Amino acid sequence: MSEATAGPVSGPIVTLTANPSFDRTVALPGPLERGAVVRVQAMTSQAGGKGVNISRAAVTAGLRTVAVLPALPDDPFVRELEAVGIDCRTARPAGAIRVNLTLTEPDGTTTKLNGPGATVDAEHLDDLAGTLVRAAAGGAWTVLAGSLPPGAPATFYADLVARLRGISRVAVDTSEGPLAALVDRLPGSAPDLLKPNAEELASVTGADQAQLETEPEVAAKAARTLVDRGVGSVLASLGGRGAVLADADGAWHAPAPPTTVVSTVGAGDCTLFGYLLAEQRGFAAPDRLALAVAYGSAAAGLPGTTIPGPDDLHPERVAVRQLD
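Presented here is a report on the structure given in the accompanying data block. Please read these numbers as outputs of a predicted model, since none were measured by experiment. (Residues numbered from 1 in each chain as written. Predicted model: local features only at pLDDT ≥ 70, side-chain atom pairs only at ≥ 80, totals over all residues. Heavy atoms only, no water.)

Digging into the overall build of the protein chain
Point 1. Looking only at helices and strands, the protein chain features ten helices and 14 strands.
Point 2. Taking 20 Å as the expected radius of gyration for a compact globule of 324 residues, we find that the protein chain reaches 19 Å, a close match to that expectation.
Point 3. Along the three orthogonal principal directions, the C-alpha set of the protein chain runs to about 50 × 45 × 40 Å.
Point 4. Counting only residues that meet the buried cut, the protein chain has 54% of its 324 residues in that class.
Point 5. When contacts within the protein chain are restricted to residue pairs at least 6 apart in sequence, long-range pairs at least 24 apart make up 67% of them.
Point 6. For the protein chain, the accessible surface area stands at approximately 13600 Å², while carbon and sulfur atoms represent 51% of it.
Point 7. Measuring between centres, the 25 positive side-chain charges of the protein chain sit 2 Å from its 35 negative side-chain charges. (Helix = DSSP H or I, 4+ residues; strand = E, 2+ residues; numbered from the N terminus. Rg over C-alpha atoms; globule rule 2.2 N^0.38 Å. Buried < 20%, exposed > 50% of the residue type's maximum accessible area, 1.4 Å probe, protein only. Contact = heavy atoms within 4.5 Å. Areas by Shrake-Rupley, 256 points an atom, 1.4 Å probe, with all protein chains shown as cover. Lys, Arg positive; Asp, Glu negative; His and termini not counted. Charge placed at Lys NZ, Arg CZ, Asp CG, Glu CD.)

Listed below in structure tokens is the structure:
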């Protein structure tokens, strides 16, 4: 891979998981049958959430990371993360951590049943935001990832992006109301990196989702509308079609390499982390995209929410082409 002229940036990757979850994955022996009694092949459980997954990936890659989340300091959730080397900064929780259940079929079909989480109030959110801003000082990147808990305003991430300017570069990976609120407030809420999937990109640009998933040029054009409104870079994941990266200098597409899909849970989180890792190493935009797609594809080929290790990655198999 070629490297950019700028050197790698130091500092930890700080992640916010506003609505953490115990992620339980059930591997089914065949297609899901409603109403049937099924003897599962395997069942796993781990502390998770989009931000937590990115922190796990950082530890696996040997990078420093800080995970900010609402939980008691001695919660088993926190202890599990600390045991694998994640520095946790906790804020006052509103209640018990939710449970997300994922059902995976042998052909890679994934069904997710996500709990809502405890309802928060303004004091909970102020404590969480303050904890994050303090942790972000000196960080290379701050990642706002995942859903918001019940009671949180849709503008929570947009407000945080504005607060974090001048403190840390910011990446956002969210959907529905929080994503719409962020885009509505551009350029004032513009993050340095936004990582939508095709459905999310369609929802905030008005583009056709089916075209985004099958025509990289259309996805790049939609992503550039957000760059034109102030977003630094848009990394749009397109599932089996790979991903598109757009920034002020151009746009690129990288198809996913041939992969036997086992579980897509966490693949998007790994895609985002791959980009951040490549950026930390000073890679140019096409190579950041290549490593992002390599990470996402490797994650899709592993069971549950398994984070790829160095031996699982094959960025040399990812072909990147410039779109404009």
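So much for the structure itself; the text now carries on.
Examining helix 4 (residues 156–164)
Point 1. Within helix 4, burial applies to Phe156, Tyr157, Ala158, Leu160, Val161 and Leu164.
Point 2. Residues of helix 4 that are buried make contact with strand 1 (13–17), helix 3 (122–136), strand 8 (141–145), strand 9 (169–173) and helix 5 (176–184).
Point 3. Just past helix 4, the residue Gly166 takes up positive phi, approximately 85 degrees.

Some points on the packing of helix 1 (residues 50–60) against helix 9 (residues 267–280)
Point 1. The geometry of helix 1 relative to helix 9 is characterised by a closest axis approach of 9 Å and an angle of 50 degrees between their N-to-C directions. On the basis of their axis angle, the class for helix 1 and helix 9 is oblique. Once helix 1 is placed against helix 9, the crossing between them reads as right-handed. Where helix 1 approaches helix 9, its residues Lys50, Asn53, Ile54, Ala57 and Ala58 are matched on the opposing element by Asp269, Leu272 and Phe273. (Axes fitted to C-alpha atoms, helices over the stretch in contact; angles between N-to-C directions. Parallel < 35°, antiparallel > 145°, perpendicular 65-115°, else oblique. Left-handed = near helix turned anticlockwise from the far one by under 90°.)

Here we look at a negative patch on the surface
Point 1. Among the surface-exposed residues, Glu176, Glu199, Asp208, Glu213 and Glu215 lie close enough to one another that they form a single negatively charged patch.
Point 2. For Glu199, the location among the structural elements is in helix 6 (residues 198–205).
Point 3. Judged by relative accessible area, which is 52%, Glu199 ranks as exposed. (Patch = residues over 30% accessible without salt bridge, like charges linked within 9 Å, V, L, I, M, F, W, Y side chains within 5 Å. Salt bridge = Lys/Arg side-chain N within 4 Å of Asp/Glu carboxyl O.)

Details of the side chain of Thr102
Point 1. When you line up the elements, Thr102 lands in strand 6 (residues 98–104).
Point 2. For Thr102, the residues in contact, after removing those within four places along its chain, are Arg24, Thr25, Val26, Thr110, Thr111, Lys112 and Val265.

Details of the packing of aromatic side chains
Point 1. Counting across every chain of the model gives three aromatic pairs.
Point 2. Taken together, a centroid distance of 5.2 Å and an interplanar angle of 80 degrees make the contact between Phe22 and Phe77 edge-to-face. Residue Phe22 is located in strand 2 (residues 21–27), and its partner Phe77 is located in helix 2 (residues 76–83); the two are separated by 55 residues in the primary sequence. In this structure, Phe22 and Phe77 share a single accessibility class: buried. (Phe/Tyr/Trp six-rings, centres within 6.5 Å; stacked < 30°, edge-to-face > 60°.)

Section: unusual backbone geometry
Point 1. Between Leu186 and the following residue, Pro187, the backbone shows a cis peptide bond with an omega angle of 5 degrees.
Point 2. Among the secondary structure elements, Pro187 is positioned in the loop between helix 5 and strand 10 (193–194).
Point 3. The residue Glu176 is not glycine, and still its phi comes out positive at about 50 degrees.
Point 4. For Glu176, the location among the structural elements is in helix 5.

Observations concerning the sheet that holds strand 1
In a beta sheet, neighbouring strands pair by backbone hydrogen bonds and run either parallel or antiparallel.
Point 1. Pairing is mixed in the open sheet, where ten strands are placed in the order 5-4-1-8-9-10-11-12-13-14. Pairing within the sheet leaves two strands with one partner each, and these edge strands are strand 5 (87–91) and strand 14 (321–322).
Point 2. Relative to strand 13 (residues 250–254), strand 12 (residues 243–247) runs antiparallel, the two being bridged by five bridges. Bridge pairing in strand 13 links Val244 to His253.
Point 3. Packed onto the sheet, helix 8 (residues 216–228) meets strand 10, strand 11 (233–237), strand 12, strand 13 and strand 14 and runs at close to 35 degrees relative to strand 12. (Pairing = 2+ DSSP bridges.)

Some details on the pattern of salt bridges
Point 1. Enumeration according to the criterion identifies nine salt bridges in this entry.
Point 2. Glu80 is paired through a salt bridge with Arg56; the nearest N and O atoms lie 2.8 Å apart. In this pair, Glu80 sits in helix 2 while Arg56 sits in helix 1, placing the two residues 24 residues apart along the sequence.
Point 3. A salt bridge links Glu279 to Arg169; its shortest N-O distance comes to 2.4 Å. With Glu279 in helix 9 and Arg169 in strand 9, the pair connects residues that are 110 residues apart, well separated along the chain.

Overview of the nonpolar core
Point 1. Leu16, Leu144, Phe156 and Leu226 are the most contacted members of the largest nonpolar core, which totals 50 residues.
Point 2. If you tally residues by element for this core, the top one is helix 3, at seven residues.
Point 3. Core analysis: the next-biggest nonpolar cluster, separate from the first, contains 38 residues, Ala140, Val143, Ala243 and Tyr295 among them. (Core = buried A, V, L, I, M, F, W, Y, C linked by side-chain atoms within 4.5 Å.)

Concerning the environment of Thr15
Point 1. Along the chain, Thr15 falls in strand 1.
Point 2. Judged by relative accessible area, Thr15 falls into the buried class, the value being 0%.
Point 3. For Thr15 and Leu291, which are 276 residues apart along the polypeptide, the C-alpha to C-alpha distance reads 20 Å.

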